[in-house]
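# Structure at a glance
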Amino acid sequence: MFHFLSKILSFVIAPYHWILLCVLLAFFIKNPKAKRKLGFLAILLYMIFGNRALINSMYSLMEPAPLFQQNIITPYEYGVVLGGGFAYSNANFPDRVFFRDHINRLTEAMELYHTGKIRKIILSGGVGGLSRFKDLETVHIKSFLLENNWPDSVILVESTSRNTMENAKNTKAILDAKNYNNKILLITSALHMPRAAACFKKQGIPFDAYPADYQQKDKLELLQFILPGMDVVGEWHAVFHEWIGTMVYRWKKYI
């Protein structure tokens, strides 16, 4: 039930849906004054949440400092990559794996492996949404790595986690089964790292954080300070998701 409610809440907190609701209500409501207020509110929400400079400042506040590869002196036995819905399959094209945003979690891990910074990789994540299609992301990622000549012996997969708390809990089970107590390298999106790190700490897993998939920009065009964009509106969902997720996890004592 908690998993279901958390996904419903994730839908509700998206600013895109707020704007859409204002537009729909303005269309159906007969009262002219209410129509104007709803129309103004929709524009105001779009101007605020569509501003690239504003969300870039938020990213800068929320995303932790990076761990640079050159600063990793002693290799880690395990790098743990948390799933983020960035890999999926398509039955019409069964010979390939498709990727969405946040694939930088994986590409960073691949680079860390090839440069000898990690020796093995644990892919953690299952079906996190409410979809009835059991498209197991981590299984697809493993297939992709095997097709690119990775040894099967260096890839461990757990594909049952539905959220970050379960990522940590199931990773702990893997490490305990191998009697492994040394530090692992935790790899996930920078925006997600604070909550992920808190979950892994709660499970008593020694780790160093390797934030990836940074969303903050180092430079913005002048128009990005002025003109809003619907793509930016969509990005606020991830920000609110982390805020709400952290509060709920504290309430549930996951962290």
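A brief report on the enclosed structure follows. (Residues numbered from 1 in each chain as written. Predicted model: local features only at pLDDT ≥ 70, side-chain atom pairs only at ≥ 80, totals over all residues. Heavy atoms only, no water.)

### Observations regarding the side chain of Glu-108
Within the element layout of this structure, Glu-108 appears in helix H5 (residues 104-114). One buried charged residue, Glu-108, forms no salt bridge at all, with the nearest opposite charge on Lys-117 at 11 Å. Reaching out from Glu-108, the side chain makes a polar contact with the side chain of Tyr-210 at a distance of 2.6 Å. Sequence-distant contacts of Glu-108, defined by excluding residues within four places in its chain, comprise Gln-69, Tyr-210 and Ala-212. (Helix = DSSP H or I, 4+ residues; strand = E, 2+ residues; numbered from the N terminus. Buried < 20%, exposed > 50% of the residue type's maximum accessible area, 1.4 Å probe, protein only. Lys, Arg positive; Asp, Glu negative; His and termini not counted. Salt bridge = Lys/Arg side-chain N within 4 Å of Asp/Glu carboxyl O. Polar contact = N/O pair within 3.5 Å; in protein donor to acceptor, adjacent residues only side chain to side chain. Contact = heavy atoms within 4.5 Å.)

### Examining a nonpolar patch on the surface
Together, Tyr-16, Leu-20, Leu-24, Phe-27, Phe-28 and Met-230 line one region of the surface with nonpolar side chains, adding up to about 640 Å² of accessible area. The dominant element in the nonpolar patch, judged by the number of residues it contributes, is helix H2 (residues 15-28), at five residues. In this fold, Phe-27 is placed in helix H2. (Patch = residues over 30% accessible without salt bridge, like charges linked within 9 Å, V, L, I, M, F, W, Y side chains within 5 Å. Areas by Shrake-Rupley, 256 points an atom, 1.4 Å probe, with all protein chains shown as cover.)

### With respect to the packing of aromatic side chains
Tallying each qualifying case throughout the model produces 14 aromatic pairs. Here the aromatic rings of Phe-99 and Phe-144 are separated by 5.0 Å at their centres, their planes lie at 80°, and the arrangement is edge-to-face. On the criterion of sequence distance, the pair formed by Phe-99 in strand E3 (residues 98-99) and Phe-144 in helix H6 (residues 137-147) is long-range, its members being 45 residues apart. Arranged with centres 5.2 Å apart and planes meeting at 65°, the rings of Phe-240 and Trp-243 form a pair that is edge-to-face. (Phe/Tyr/Trp six-rings, centres within 6.5 Å; stacked < 30°, edge-to-face > 60°.)

### Some points on the pattern of salt bridges
Using the criterion set out here, one finds 10 salt bridges in the structure. Two residues, Arg-162 and Glu-166, come together in a salt bridge whose shortest N-O distance is 3.0 Å. Given a relative accessible area of 14%, Glu-166 falls into the buried group. Sharing partners across several salt bridges, the network here consists of Arg-52, Asp-231 and Glu-235.

### So, the packing of helix H7 (residues 164-177) against helix H8 (residues 193-202)
The geometry of H7 relative to H8 is characterised by a closest axis approach of 9 Å and an angle of 40° between their N-to-C directions. Our classification of the angle between H7 and H8 gives oblique. Regarding H7 and H8, the two cross each other, and that crossing is right-handed. Judged by residue contacts, Thr-164, Met-165, Asn-167, Ala-168 and Thr-171 of H7 engage Arg-195, Ala-196, Cys-199 and Phe-200 from H8. (Axes fitted to C-alpha atoms, helices over the stretch in contact; angles between N-to-C directions. Parallel < 35°, antiparallel > 145°, perpendicular 65-115°, else oblique. Left-handed = near helix turned anticlockwise from the far one by under 90°.)

### What to know about the sheet that holds strand E1 (residues 76-82)
Reading across the sheet, the five strands line up as E5-E4-E1-E6-E7 and stay open at both edges, with parallel pairing between neighbours. Two strands lie at the open edges of the sheet, namely strand E5 (155-158) and strand E7 (207-212), each paired on one side alone. Across the sheet, the mean angle separating the axes of adjacent strands is 25° when strand polarity is ignored. Where strand E6 (residues 184-189) and E7 come together, six bridges link them in parallel fashion. Within E7, the position partnered with Ser-189 by the bridge is Ala-212. (Pairing = 2+ DSSP bridges.)

Function cannot be inferred from these measures alone, as they are strictly geometric.
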